[in-house]
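Commentary on secondary and tertiary structure
Single-letter residue listing:
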Amino acid sequence: MQLTKHWAATLDDYVIDLAWSPDGTQLAAASAAGPVTLFAADDGGVRHELPGHADGTNCLAWAPSVIAAGAVAAKVAVVAGVGDPGFQRESPESPTPATAPTPATILATGGQDGAVKFWDTAAGQHTATAALGNAWVEHLAWRPSAGTAASGTPPQGSSHPAAAPLLFAAAGRELRALGPDGSVRHAFPPAPKTIAALAWEPAGGCAAVAYFGGICLWDADDFVVQKELPYGNGINALVWSPDGKWLVSGNQDPSVHLWIPADDIELHMSGYEGKVRHLSFDRTSRWLATSGGRDACVWDCSGAGPEGREPAMLPHDAPICALAFQQAHGLLVSASTDGVVQLWSPERKQPLRATVRMPARAAKLAWSPDDRHLAIGSVQGAVYVLRCEE
């Protein structure tokens, strides 16, 4: 197994976020200084330079690709909710039904200006803005699409229609549900503390919102509280298992806490060297990878869960700063603060598959939708795309 260079590019500042488009044809990379660059996946050519947020961009998120194109509003300025606080009209030249951007081309960004901006990435144009207040927008997450591109059939347990794109955006203690046209679908009550993490349940029925002291599960259709999960410390990260069974937090104490919300079951895994900031499940929901030290710690969550089991420890010589399982295959990539990136097959007796040393530590890792390419964004502003091949 090898990780070989496909292409590389440089931004004007720290790569604060990056993500592949759902169809895998584009890579969006956000500079901490504000601009967002859209690269062609095949050769790294710059498709568009988006201005992003003048005070700095914090996060970005692509709308799911299988949402019907007709779900996008006819005109950005003519929408239900145009009178909602924070909605900003666009020009009369906004897209009409025939030319409105399809969800596969919609990118949302959040910035230090307290705003969420929406972009038509095919045209390279800004289409809408929703202002959330003075706090930085640090978390964006689209409700998972209800079906697949092939079938359009909702997965088991899904209760929302395919044509209902919805973005949750968090700034400080504020949480908003937004449409792809920038309309405010719902303004939630302020969280008890600053929102620290946001993660959708895979079937799209609810979103988990974390803050110091616990997690609230908000219903995606009625916007009411489904359940509250108290936790007596700070939470850095959240992840659901792909099957929706487990909700996991990486914590400041430092520890990992696991819930089975449907059964009110909790497990607690402690003993980490430092705060747990990075979590990733594999596609089967069995393996949970966590940071929190110089090893990528991989727990077996099959059956009753990891309590009482010894984790697999995948070693680095410096603290783990990022990790991610592939979308549809079993490889795990981990990065450490000394610039080393390693590829693993956690279930193997000899799990290490490849090692690459980068000029600077990775700030973000992202697998392409087909798992053939790994994007790495560094603290020095470099964007690398590596091929994963035998």
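Residues numbered from 1 in each chain as written. Predicted model: local features only at pLDDT ≥ 70, side-chain atom pairs only at ≥ 80, totals over all residues. Heavy atoms only, no water.

**Describing the overall build of the protein**
Per the secondary structure count, the protein includes 0 helices and 33 strands. Each of the 390 residues in the protein was classed as buried or not, and the buried ones make up 57%. Here the contacts in the protein between residues at least 6 apart in sequence split such that 48% fall between residues at least 24 apart. Per element, the accessible surface of the protein, about 15700 Å² overall, is 49% carbon and sulfur. (Helix = DSSP H or I, 4+ residues; strand = E, 2+ residues; numbered from the N terminus. Buried < 20%, exposed > 50% of the residue type's maximum accessible area, 1.4 Å probe, protein only. Contact = heavy atoms within 4.5 Å. Areas by Shrake-Rupley, 256 points an atom, 1.4 Å probe, with all protein chains shown as cover.)

**Digging into the sheet that holds strand β25 (residues 295-300)**
Ordered by their spatial adjacency, 4 strands build an open sheet running β23-β24-β25-β26, and the pairing between neighbours is antiparallel. Strand pairing shows two members of the sheet lacking a second neighbour, β23 (279-281) and β26 (312-315), which therefore form its edges. When strand polarity is set aside, the average angle formed by the axes of neighbouring strands in this sheet is 20°. Note that strand β24 (residues 287-290) and β25 share 4 bridges and pair antiparallel. Note on β25: the bridge partner recorded for L288 is W299. (Pairing = 2+ DSSP bridges. Axes fitted to C-alpha atoms, helices over the stretch in contact; angles between N-to-C directions.)

**Brief notes about the pairing of strand β21 (residues 255-260)**
Burial runs high along β21: 6 of the 6 residues are buried. One ladder, built from 4 bridges, connects strand β20 (residues 247-251) with β21; its direction is antiparallel. Opposite L247, over in β21, you have W259 as the bridge partner. Between β20 and β21, which follow one another and run antiparallel, lie 3 residues. Bridge analysis of β21 against strand β22 (residues 265-270) gives 6 bridges, and the strand direction is antiparallel. The partner of S255 across the bridge, within β22, is S270. Counted between consecutive antiparallel strands, the loop separating β21 from β22 contains 4 residues, among which D264 sits at a positive phi close to 55°.

**As for the packing of aromatic side chains**
Counted according to the given criterion, the structure contains 7 aromatic pairs. Centre to centre, the rings of W7 and F39 are 5.2 Å apart; their planes meet at 40°, and the pair counts as tilted. With W7 in strand β1 (residues 2-10) and F39 in strand β4 (residues 36-40), the pair connects residues that are 32 residues apart, well separated along the chain. On the accessibility criterion, W7 (5% relative accessible area) is buried. Looking at F39, the relative accessible area reads 2%, which means it is buried. (Phe/Tyr/Trp six-rings, centres within 6.5 Å; stacked < 30°, edge-to-face > 60°.)

**Structural notes on the nonpolar core**
Counting 21 residues, the largest nonpolar core has V333, L343, L365, L374 and I376 as the members making the most contacts within it. At 4 residues, strand β33 (residues 382-389) tops the list of elements feeding residues into this core. Non-local contacts of I376, meaning those with residues more than four positions away in its chain, are made with L18, V341, M358, A362, K364, L365, A382, V383, Y384 and L386. (Core = buried A, V, L, I, M, F, W, Y, C linked by side-chain atoms within 4.5 Å.)

**Details of the confidence of the model for the protein**
Close inspection of predicted coordinates is inappropriate for parts of the model with low pLDDT. Of the residues in the protein, 85% reach a pLDDT of 70 or more, and the chain-wide mean stands at 88. With pLDDT under 50 throughout, residues 67-98 is counted as low confidence; its partners more than four residues away or in other chains account for 60 contacts. Across residues 147-161, confidence stays below pLDDT 50; counting only partners more than four residues off in sequence or on other chains, it has 25 contacts. (pLDDT = per-residue confidence, 0-100.)

**Focus on unusual backbone geometry**
Cis geometry marks the peptide bond from D253 to P254, where omega comes out at 0°. Checked against the element boundaries, P254 lands in the loop between β20 and β21. In the Ramachandran plot, S285 falls in the positive-phi region, its phi being about 75° despite a non-glycine side chain. Mapping S285 onto the fold places it in the loop between β23 and β24. What makes S285 buried here is its relative accessible area of 6%. One non-glycine residue, D371, adopts positive backbone phi at about 70°.

**Regarding the pattern of salt bridges**
Summed over the entire model, instances satisfying the criterion amount to 6 salt bridges. In this structure, the salt-bridge partner of D221 is R143, at a minimum N-O distance of 3.3 Å. With a gap of 78 residues between them, D221 in the loop between β17 (214-219) and β18 (225-230) and R143 in the loop between β11 (137-142) and β12 (167-171) connect regions that are remote in the sequence. Owing to a relative accessible area of 35%, D221 belongs among the partly exposed residues under this scheme. On the basis of relative accessible area, R143 is assigned to the buried category, the value being 6%. Between R387 and E389 there is a salt bridge; the shortest N-O distance is 3.8 Å. Exposure remark for R387: the relative accessible area of 29% places this residue in the partly exposed category. Residue class for E389 comes out partly exposed when judged on its relative accessible area of 30%. Connected through shared salt-bridge partners, R286, D300 and R309 make up one network. (Salt bridge = Lys/Arg side-chain N within 4 Å of Asp/Glu carboxyl O.)

**Overview of the environment of R294**
Position of R294 relative to the elements: it lies in the loop between β24 and β25. Judged by relative accessible area, R294 falls into the partly exposed class, the value being 40%. Considering only alpha carbons, one finds R294 and Y272, 22 residues apart in sequence, at a separation of 9.7 Å. Among the polar contacts listed, one links the side chain of R294 to the backbone oxygen of D317, at a separation of 2.4 Å. (Polar contact = N/O pair within 3.5 Å; in protein donor to acceptor, adjacent residues only side chain to side chain.)

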